[in-house]
Amino acid sequence: MTSFVSALLHPGSAPPSDISAATRDRFDVYRNNVAVSLTEALETAFPVVRSLVGDTFFKAMAGVFLRCHLPGDPRLALYGREMPAFLETFAPAKDLPYLPDIARLEQALRESYHAADAVPLDPAKLMALTEEDLLETSLIFAPATRLRRSKWPIHSICKARGDTTLKPQMTAETVLITRPGYDPRMTLIAPKNAGLVDALYRGQPLGQAASTHPEADLSDVLGILLGQGAVTILDRKANE
Amino acid sequence: MLDTLRKTLPNQAGIGFKSQHFQDLLDDPGPVAWLEIHAENYMGDGGRPLAQLRELRARFPISVHGVGLSIGGENPLDRDHLARLKHLCTWLEPESFSEHLAWSTHDTGYLNDLLPLPYNEETLTRVASHIDQVQETLGRRMLLENPSSYLSFDSSTLSETEFLKELTSRTGCGLLLDVNNVFISAANLETEPQAYIDAFPTDSVGEIHLGGHDEDEASTPRLLIDSHAKPVADPVWDLLSYTLTQTGPAPLLIEWDTDVPPFAVLRNEAARAEVALTA
């Protein structure tokens, strides 16, 4: 089977010798099925990357990617985790330096879609805390919540989806991904609040995070996080 | 170990479930009496796929059809994947579990295609032990599906039907007879589809698959591709009628996986299957 796999992944190489002479040409059907089906899985996973580079480029790139990175197991929803790192070093894409971060954002959207369900935090629970308790509390984020920060305008590029008439300004952007129902939603975080959201996402208590990010507006940030259902529970272990 | 008391699929038409048909199925499934899902699409932690499946489970008999276990592979079965299948079958309690006589995983990873294997004593022993392992792990009898073939191996010493028959007697597994695959393989390997059905161990059939195929116009000799991208072809319906005279009534599935049409089209295919069953 090792020779079968090797022949599958190397177009132009000889089919495995065990195949009956009359049917040797038919080996190409399997070659084609493997390449086409895995390319389609990547197209499903990275629609924005695809729209940015165009269909022909994406297919050629997928052909190179899949020969370096086959799926680790049959769950195709997970296929493509190596894509951002692959794009970092894929020379033909070097003119689109934001591409790896776009792939990271799409990967996060996909993870969010399949993440475990969770009940969002009732804002009343936060309101019920004394100010002292509130500052020592950390937020536990829902399994479907993701945060992606980039030095590129990943949110604007993603929203434009390859529409070349829209020219995103080349500024850093931070995107919060939440899943209020079953569809992941992207929220652009204002630059002044990005550091605070990041600190909270990493589990810092509210007080500590707010004091290291005086530029940010804590009540705005809590409004966004709770409004989007990004948080499930409060962690007050530090307090007990 | 094998379950005789478990509920089984009805001898009626079913369709392969696609998420875009979810609401149609809840509103009015018409002749669609049961659903088949691809196991690997329901191995996430949550979200819409599992939510839809929980709701469908409450209303339809369900068949779990694995596409990635690589039962025909040279390597030991992936225990993690088997554990995921067990988890799915435990909470879902499907009426049926089936997989393919094929392989898809080797040392370098998962190839996402149903790849062929030679039929001989060595592969028979290996596949039988894999089926034993699946049935023991899942605590249920499984069905094994005949593949669509594009080529043959010099090292095969058994016909496909002999191979399948021997597997059923060694493991007690049942068979999923894909009539479209029989038609495709017969065209590609220049054999007679009815002769294949005649030689098939029809007593073991627990489910029948029907799907569309494509013809590669550029190829001589004739080459049919198992695409699941169009309606079931007329000669495949004819072969189904012949098959049903051998098997008797069986759960009949319409598969459509690529360029999936509106539900109404699948409903019509299911209605045609229902007619074939009652003819």
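Every value quoted in this text rests on a predicted model; they were computed, and no experiment measured them. (Residues numbered from 1 in each chain as written. Chains lettered and ligands numbered in written order. Predicted model: local features only at pLDDT ≥ 70, side-chain atom pairs only at ≥ 80, totals over all residues.)

K.L.:
Can you break down the overall build of chain B residue by residue, with the values?
P.N.:
Counting secondary structure elements, chain B contains 9 helices and 12 strands. Taken over C-alpha atoms, the radius of gyration comes to 18 Å for chain B, in line with the 19 Å a tight globule of 279 residues would show. Excluding contacts between residues fewer than 6 apart, the proportion of contacts in chain B whose partners are at least 24 apart in sequence is 77%. (Helix = DSSP H or I, 4+ residues; strand = E, 2+ residues; numbered from the N terminus. Rg over C-alpha atoms; globule rule 2.2 N^0.38 Å. Contact = placed C-beta atoms within 7 Å.)

K.L.:
Hey, could you go over the overall build of chain A for me, with residue numbers and the actual values?
P.N.:
Counting secondary structure elements, chain A contains 12 helices and 5 strands. Over its C-alpha trace chain A gives a radius of gyration of 23 Å, far above what one expects of a compact globule, namely 18 Å for 240 residues. The principal-axis extents of the C-alpha atoms in chain A amount to approximately 80 × 40 × 25 Å. Out of the 240 residues in chain A, the part that is buried amounts to 36%. Summarising the internal contacts of chain A: among those between residues at least 6 apart in sequence, 63% fall at separations of at least 24. (Buried ≥ 20, exposed ≤ 12 C-beta atoms within 10 Å, placed from the backbone.)

K.L.:
Which residues make up the interface of chain A and chain B, and what values go with them?
P.N.:
Contact with chain A, which involves 32 residues of that partner, is made by 34 residues of chain B. Listed by contribution, the elements that provide at least two residues to the side of chain A that touches chain B are α1 (2–9), α2 (27–45) and α6 (99–114) of chain A. No other element matches the 8 residues that α2 of chain A contributes to the side of chain A that touches chain B. In terms of residue class, the side of chain A that touches chain B is made up of 20 nonpolar, 7 polar and 5 charged. (Nonpolar A, V, L, I, M, F, W, Y, C, P; charged D, E, K, R; others polar.)

K.L.:
I'd like to hear about the sheet that holds strand β3 (residues 62–65) of chain B, residue by residue, with values.
P.N.:
All names here are of chain B. Overall, parallel pairing links the 8 strands, which are arranged β1-β2-β3-β4-β7-β8-β9-β12 in a closed barrel. Going from strand to strand, the sheet's axes swing by 25° on average, the running direction of each strand aside. Here 4 bridges tie strand β8 (residues 174–178) to strand β9 (residues 205–211), and the two strands are oriented parallel to one another. By the bridge assignment, Leu 175 is partnered in β9 with Val 205. (Pairing = 2+ DSSP bridges. Axes fitted to C-alpha atoms, helices over the stretch in contact; angles between N-to-C directions.)

K.L.:
Break down the domain arrangement of chain A for me, citing the residues and quoting the values.
P.N.:
Taken domain by domain, chain A consists of domain 1 (1–96) and domain 2 (116–240). Placing the centre of domain 1 of chain A and that of domain 2 of chain A at their C-alpha centroids yields a distance of 36 Å. (Domains from an automatic or database assignment.)

K.L.:
Run through the environment of Arg 57 of chain B, naming residues and quoting values.
P.N.:
Residue and element names in this part refer to chain B. Relative to the helices and strands, Arg 57 is located in helix α2 (residues 48–57). Separated by 35 residues in sequence, Arg 57 and Leu 92 place their C-alpha atoms 7.1 Å apart. Not counting residues within four places of it along the chain, the set of residues in contact with Arg 57 comprises Ile 62 and Leu 92.

K.L.:
A description of the packing of helix α10 (residues 191–201) of chain A against helix α12 (residues 218–227) of chain A should follow, citing residues and the corresponding values.
P.N.:
All names here are of chain A. Close contact between α10 and α12 brings their axes to 10 Å; oriented N to C, the two are set at 65°. Comparing the axis directions of α10 and α12 gives the class roughly perpendicular. Our pair here, α10 against α12, has a crossing hand that is right-handed. On α12, the residues that touch Asn 193, Leu 196 and Val 197 of α10 are Leu 218, Asp 220 and Val 221. Residues that form the contact of α10 with α12 fall into these classes: 4 nonpolar, 1 polar and 1 charged. (Parallel < 35°, antiparallel > 145°, perpendicular 65-115°, else oblique. Left-handed = near helix turned anticlockwise from the far one by under 90°.)

K.L.:
An account of the pairing of strand β2 (residues 34–38) of chain B is needed here, citing residue identities and associated values.
P.N.:
All names here are of chain B. The element β2 is largely enclosed, with a buried count of 4 among its 5 residues. On the question of chirality, the crossover connecting strand β1 (residues 13–16) to the parallel β2 by way of helix α1 (residues 22–27) is right-handed. As judged from the 4 bridges shared by β2 and β3, these two strands associate in the parallel manner. Counted as the bridge partner of Ile 37 is Val 64 from β3. Viewed along the sheet, the connection from β2 through α2 into β3 turns out right-handed. (Right-handed = clockwise from strand over helix to strand, strands pointing away.)

K.L.:
Could you give an account of the pairing of strand β5 (residues 103–106) of chain B, naming the residues involved and the relevant values?
P.N.:
Residues and elements named next belong to chain B. Summarising the sheet, β5 and strand β6 (residues 109–115) pair through 3 bridges and their orientation is antiparallel. Following the sheet pairing, Thr 105 is matched in β6 by Tyr 110. In textbook terms, the turn of a hairpin is the stretch between consecutive antiparallel strands, and for β5 and β6 this stretch comprises 2 residues.

K.L.:
An account of the sheet that holds strand β4 (residues 185–189) of chain A is needed here, citing residue identities and associated values.
P.N.:
Residue and element names in this part refer to chain A. The strand order β2-β3-β4 describes an open sheet built from 3 strands, whose pairing is antiparallel. With one partner strand each, in any of the chains shown, β2 (146–150) and β4 form the two edges of the open sheet. Here the average twist between neighbouring strands, direction ignored, is 25°. Relative to strand β3 (residues 173–178), β2 is paired through 5 bridges, and the arrangement is antiparallel. Residue pairing across strands places Arg 146 opposite Ile 177, the latter belonging to β3. Set on the sheet, α10 makes contact with β2, β3 and β4; between it and β2 the angle comes to about 140°.

K.L.:
Account for unusual backbone geometry, naming residues and giving values.
P.N.:
All names here are of chain B. With an omega dihedral of -5°, the bond running from Thr 220 to Pro 221 counts as a cis peptide bond. With respect to the secondary-structure elements, Pro 221 resides in the loop between β10 (214–215) and β11 (224–225). For Asn 112, which is not glycine, the phi torsion reads 55° and is therefore positive. Among the structural elements, Asn 112 can be located in strand β6.

K.L.:
Quick one: what's the story with α10 of chain A, residue by residue and with numbers?
P.N.:
Because an α-helix completes one turn every 3.6 residues, residues spaced three or four positions apart along the sequence face the same direction. Residues and elements named next belong to chain A. Ala 194, Leu 196, Val 197, Ala 199, Leu 200 and Tyr 201 are the residues of α10 that are buried. Contacts from the buried residues of α10 go to β1 (138–141), β2, β3, β4, α11 (206–212) and α12. In the stretch just after α10, Gly 203 is the one whose phi turns positive, near 100°.

K.L.:
How would you summarise the nonpolar core if you had to cite specific residues and measurements?
P.N.:
If you look at the biggest cluster of nonpolar residues, it comprises 134 residues, and the most contacted ones within it are Val 49 and Ile 102 of chain A together with Leu 144, Val 179, Leu 210 and Ile 254 of chain B. With 8 residues, α2 of chain A is the largest single contributor of residues to this core. Looking at this core, you find at least three residues from each of domain 1 (1–96) and domain 2 (116–240) of chain A. Not counting residues within four places of it along the chain, the set of residues in contact with Val 179 of chain B comprises Ile 208, His 209, Leu 210, Val 236, Leu 239, Leu 240 and Thr 243 of chain B. (Core = buried A, V, L, I, M, F, W, Y, C linked by C-beta atoms within 7 Å.)

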